[in-house]
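# Observations on chain architecture
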Amino acid sequence: MTRIRKAFENKKAFIAFVTGGDPDLETTEALIPQMAAAGADLIEIGIPFSDPIAEGVVIQAADERALRAGTTTDKLFDMVKRVRSKVDIPLVFMTYINPVYTYGSERFAKRCAECGIDGIIVPDVPFEEREEVNGACEAAGIELISMIAPTSKERIDMIACQAKGFLYCVSSLGVTGVRSSITTNIREMIDHVKKVSDIPCAIGFGIATPQQAREMAAVSDGAIVGSAIVALIAQHGKNCIEPVCRYVQEMKAAVASAWCI
Amino acid sequence: MEAKKGRYGLYGGQYIPETLVPAVQEVEQAYETYKNDPAFQSELKSLMENYAGRPSLLYYAEKMTKDLGGAKIYLKREDLNHTGSHKINNVLGQALLAKKMGKRRVIAETGAGQHGVATATAAALMGLECEIFMGKEDTDRQALNCYRMELLGAKVHPVTSGTMTLKDAVNETMREWASRMDDTLYVLGSVMGPHPFPMIVRDFQKIIGEEIKQQLMEMEGKLPDAVIACVGGGSNAMGSFYEFIPDTSVRLIGCEAAGLGVNNPKNAATITNGSIGIFHGMKSLFCQDEYGQIAPVYSISAGLDYPGIGPEHAHLNETGRAEYVPVTDDEAVEAFEYLSRTEGIIPAIESAHAVACAKKIAPSLGKDQILVVTISGRGDKDVAAIARYRGVKIFD
């Protein structure tokens, strides 16, 4: 069983996102093991990109801060390699296709494997273009995480059948960011997936409060939280570790409580 | 699996978030239906002739020809179209497509504002809601065009993310489309973005080259020796070139914005300085760093201030069928003033890049040779910026 699958074994997973290098690499390096200790079952590390078209304003700003601080793909690889020896949970990269493609998909995937990255999420590579990276990921033994969205409908079958690791279920139209309510019929989406695949489904986009996390986890296998964590990092800068970990504990408890619903 | 659709050699593709895939596929299917529909084509033809004012003139620039003392120069006057640029060709097509698809709202990015103005115009004509995304830097540089869009009933959103120019306007329009696609079509302004946009925009713009060929046949009885056009994303150039691609005797020359010079970081010369990447839905050439971070580009021309180029241009460059040359701000401004004084035609600063290139090569060609330069738009919008560039104060 892969490390990603294990994160969903006999529990609902709480997945936390941070932009790598925001506000600087030292902070991210210290933060990741602390988030794992606070209960994160899987951590997504964003490789900052100049033009993150799937992100809302909070993560856009984080990408800008990280790039201004001098973060590069190579520095992130080195940082992850150091962090890997301190944590057992799965770590995945979330970035856009251009940083992967210009690095060289094979070289990128190989380096991921060497540094202990378990998978990658590339939101601007849809199912039809996945061969751009999938072959390289398979060869290196890392998992390319697929996404479905509220618009996917009849596309869900083919995407779910090919999905690896877990399926990233986008809760709402639009970009990442906190939403006061999620109106998509998530249960219907997840039921559709489960008819064709046993892939774990985690829901992301718009989740910020423990109540939302609990509700989303209740109808799926886990909840993904990005912007709410990144907003805490923006607010506290280098001193973000304590408030972020407190938040992670609270969210993890909410997600875990969905197990018995 | 249709992994290779919408490709121009290595370039092109459909690299977009899953949320947008069904919307883009819907456009693809609708376009496949309507491009061969005689009723759609006749409606579009009528709009082109009776609203946009096509065909546009092919004007023999006699004074410029004499002054340069070489090839005979013809100007394809897209500046005379309604709204003042070639952009109207594409938006009439896409707005009509939006209507047929049952959409009631269009959104678009704009750089110089020409595409925004054209989209707002077509939306007004066809009774569609319209919202335009424009980099904050460009809303400042092109304040007049902003107000024109508002006059036409559009809502203009200044984009304050990133470098606050054209690429950021594209980012923001894509984000907006991903949040609302049921009733909305993204009217992309150039031969770029995910498939099918590079194809659709080229098809709606190829009328430029078709007219050039026919008009020149009537006037000179032969093909031109070269067709020259400016390139940002590349829609007026693709429109000018496409008809001539099989005519291998015709040189196709795209002029990209070199800003302060190709060796100065402040430029937007994608073919000269760019490398292959995947961005804004397409595999193409981009100005970027070694880690694939898109470079903050610069040109005096807001319409050419874009770090990428349409995938079909990248392919034409690779196969050698078209050639691409850098033109600096200085050269473009000089050509802007030159055409104004020589022919009494004030070109858009974008088009002035093509004029500058013609000025460079015409003298070395024989008097029996013919250059066609596409004047993609008129320069009224640029007058204030050129005055600033020359240090002339025209407002209090």
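Here the structure is a predicted model, which is why all the values come from computation and not from measurement.

The secondary structure content of chain B amounts to 16 helices and 14 strands. Here chain B has a C-alpha radius of gyration of 19 Å; the compact-globule value for 396 residues is 21 Å, and the two agree. Overall size of chain B, expressed as C-alpha extent along the three principal axes, is 55 × 50 × 45 Å. Out of the 396 residues belonging to chain B, those deemed buried represent 62%. Of all intrachain contacts in chain B linking residues separated by at least 6 positions in sequence, the fraction that spans at least 24 positions is 74%.

So, on to the interface of chain A and chain B. Each partner contributes residues to the interface: chain A has 31 residues there, and chain B has 29 residues. Among the secondary structure elements, those contributing two or more residues to the side of chain A that touches chain B are α3 (57-68), α5 (97-103) and β5 (143-148) of chain A. In terms of residue count, the dominant contributor to the side of chain A that touches chain B is α5 of chain A (six residues). Here the side of chain A that touches chain B is built from residues that sort into 17 nonpolar, nine polar and five charged.

What follows is about the environment of Gln369 of chain B. All names here are of chain B. Here Gln369 shows up in the loop between α15 (349-361) and β14 (370-375). You can call Gln369 partly exposed: it has 17 C-beta atoms within 10 Å. When near neighbours in sequence (up to four residues on either side) are disregarded, Gln369 contacts Ala71, Lys72 and Asp225.

Moving on: the domain arrangement of chain B. When the parts of a complex come together, some accessible area is lost, and that lost area is often used as the size of the interface. Residue and element names in this part refer to chain B. Domain boundaries assigned for chain B yield domain 1 (18-48 + 87-201) and domain 2 (54-84 + 206-389). Using only C-alpha atoms to locate each centre, domain 1 and domain 2 end up separated by 23 Å. Taken residue by residue, the interface counts 30 residues in domain 1 and 31 residues in domain 2. Of all the secondary-structure elements, those providing two or more residues to the side of domain 1 that touches domain 2 are α4 (87-100), α5 (114-126), α6 (136-141), α7 (143-151), α8 (166-179) and α9 (197-205). Across the side of domain 1 that touches domain 2, the residue classes tally to 13 nonpolar, 13 polar and four charged.

Attention now goes to the environment of Asp88 of chain A. Residue and element names in this part refer to chain A. Mapped onto the elements, Asp88 comes out in the loop between α4 (73-84) and β3 (91-94). Exposure remark for Asp88: the 9 C-beta atoms within 10 Å place this residue in the exposed category. Distance in space between the C-alpha atoms of Asp88 and Glu9 is 14 Å, their sequence separation being 79 residues.

Let's shift gears to the sheet that holds strand β8 (residues 184-186) of chain B. All names here are of chain B. Read from one edge of the open sheet, four strands run β7-β6-β5-β8, paired in parallel fashion. Every interior strand has two partners, whereas the edge strands, β7 (155-159) and β8, have only one. Put simply, the sheet's adjacent strands are angled 20° from each other on average, direction ignored. Bridge count between strand β5 (residues 105-110) and β8: three bridges; the pairing is parallel.

In this section: the pairing of strand β8 (residues 222-225) of chain A. Residue and element names in this part refer to chain A. Where burial is concerned, the two faces of β8 agree: the one with Gly222 and Ile224 and the one with Ala223 and Val225 are both buried. Where strand β1 (residues 13-19) lies against β8, four bridges are found, and the strand directions are parallel. Paired with Ile15 across the bridge in β8 is Ile224. Each parallel crossover has a hand, and the one from strand β7 (residues 201-204) via helix α10 (residues 210-218) to β8 is right-handed.

Once that is clear, we can look at the sheet that holds strand β12 (residues 281-286) of chain B. Residues and elements named next belong to chain B. If you walk across this open sheet you meet the four strands as β1-β2-β12-β11, and the pairing is antiparallel. Looking along the sheet, the strands with just one partner apiece sit at the ends: β1 (7-8) and β11 (275-279). In terms of strand pairing, strand β2 (residues 11-15) meets β12 through two bridges, oriented antiparallel. Paired with Gly12 across the strands is Lys283, a residue of β12. With respect to the sheet, helix α13 (residues 311-319) is in contact with β1, β2 and β12, its orientation differing from that of β12 by roughly 45°.

Okay, α10 of chain A next. Every buried residue of α10 of chain A is accounted for by Gln212, Ala213, Arg214, Glu215, Met216 and Ala217 of chain A. Packed against the buried residues of α10 of chain A are α9 (186-196), β7, β8 and α12 (241-257) of chain A.

This brings us to the environment of Gly292 of chain B. Among the secondary structure elements, Gly292 of chain B is positioned in the loop between β12 and α13. Taking the C-alpha atoms as reference points, Gly292 of chain B and Phe279 of chain B, separated by 13 residues in sequence, lie 9.4 Å from one another. Look past the residues within four positions of Gly292 of chain B in its chain and what remains in contact with it is Asn98, Pro99, Tyr101, Thr102 and Tyr103 of chain A together with Gly277 of chain B.

We now examine the packing of helix α2 (residues 25-37) of chain A against α12 of chain A. Residues and elements named next belong to chain A. The contact between α2 and α12 brings their axes to 9 Å, and the two run at 25°. Here α2 is positioned roughly parallel relative to α12, judged by the angle of their axes. In the crossing of α2 with α12, the sense of the turn from one axis to the other is right-handed. Taken together, the residues of α12 that come into contact with α2 (itself represented by Ala30, Leu31, Gln34 and Met35) are Ile241, Val244, Cys245 and Val248. Residue classes in the contact of α2 with α12 are distributed as seven nonpolar, one polar and no charged.

We now examine unusual backbone geometry. Of note, the bond from Asp22 of chain A into Pro23 of chain A is cis; its omega dihedral lies within 30 degrees of zero at -5°. Within the fold, Pro23 of chain A resides in the loop between β1 and α2. In this model, His195 of chain B is joined to Pro196 of chain B through a cis peptide bond whose omega is 15°. Within the fold, Pro196 of chain B resides in the loop between β8 and α9. A positive phi angle, close to 55°, is found at Asn10 of chain A, a residue other than glycine. The topology assignment puts Asn10 of chain A in the loop between α1 (3-6) and β1. Non-glycine residue Lys153 of chain A carries a positive phi angle of around 40°.

About the cut-offs
Residues numbered from 1 in each chain as written. Chains lettered and ligands numbered in written order. Predicted model: local features only at pLDDT ≥ 70, side-chain atom pairs only at ≥ 80, totals over all residues. Helix = DSSP H or I, 4+ residues; strand = E, 2+ residues; numbered from the N terminus. Rg over C-alpha atoms; globule rule 2.2 N^0.38 Å. Buried ≥ 20, exposed ≤ 12 C-beta atoms within 10 Å, placed from the backbone. Contact = placed C-beta atoms within 7 Å. Nonpolar A, V, L, I, M, F, W, Y, C, P; charged D, E, K, R; others polar. Domains from an automatic or database assignment. Pairing = 2+ DSSP bridges. Axes fitted to C-alpha atoms, helices over the stretch in contact; angles between N-to-C directions. Right-handed = clockwise from strand over helix to strand, strands pointing away. Parallel < 35°, antiparallel > 145°, perpendicular 65-115°, else oblique. Left-handed = near helix turned anticlockwise from the far one by under 90°.

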